[in-house]
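Listed below are the residues making up each chain.
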Amino acid sequence: MASLEERVAALEAQVAELVGRGPAPTPPTAPGDTFWALDGLRQRLPEGHSGAVLYTGTVDLDGERYDWQYGLPVDDVLAGDWSESAAALTALAHPVRLRLLREILGGRRGTAELAGIEELGTTGQLHHHLRQLTAAGWLRSAGRGRYVVPPERVVPLLTILTATHR
């Protein structure tokens, strides 16, 4: 495994490459407090621990606020059965389903509203995609042909999408 210095150097090289593409959005921090979340995580780790992964977010969408934080020790992540994640990831691996999630997060929650979006396909295709997302836990029926992204899935979804940015 690369040392902390090597990993920081690699990140600095990536940042230098990205500088020409425009500034990356960053959360507000105090001067010299760039790694405030990372520093807080490190302080909570027991001595000799191999590390942890943490994601957190605060999101205001369509009049709803979602605050979420979740973390696991690295040993638990590595020891887990990664194949159990396949269904949830597969459900996200389709452009129409990603578009559906974006529309629903944006407030278009009814099947009638969603069916009006030409790029989402036929009504049958729409229902197929809604079923896939619901089965994987990314959507929940809110009754009468309406869907919501469950509150506990909003920040994880946005985290996954953020992780795909290069």
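Residues numbered from 1 in each chain as written. Predicted model: local features only at pLDDT ≥ 70, side-chain atom pairs only at ≥ 80, totals over all residues. Heavy atoms only, no water.

Draft legend 1. Structural context of helix α5 (residues 95-105). Turning to α5, its buried residues are Val96, Arg97, Leu100, Leu101, Glu103, Ile104 and Leu105. Backbone geometry just after α5 places glycine 107 at a positive phi near 110°. (Buried < 20%, exposed > 50% of the residue type's maximum accessible area, 1.4 Å probe, protein only. Helix = DSSP H or I, 4+ residues; strand = E, 2+ residues; numbered from the N terminus.)

Draft legend 2. Highlighting the packing of aromatic side chains. Evaluated as defined, the whole model comprises one aromatic pair. Ring centres of tyrosine 55 and tyrosine 70 lie 5.9 Å apart, and the angle between their planes is 50°; this geometry places the pair in the tilted category. One end of the pair, tyrosine 55, is in strand β1 (residues 52-61); the other, tyrosine 70, is in strand β2 (residues 64-73), with 15 residues separating them in the sequence. Taking the relative accessible area as the measure of exposure, tyrosine 55 reaches 24% and is therefore partly exposed. Directly above the aromatic system of tryptophan 138 lies the positively charged group of arginine 153, at a separation of 3.8 Å from the ring centroid. (Phe/Tyr/Trp six-rings, centres within 6.5 Å; stacked < 30°, edge-to-face > 60°. Lys NZ or Arg CZ within 6 Å of the ring centre and 35° of its normal.)

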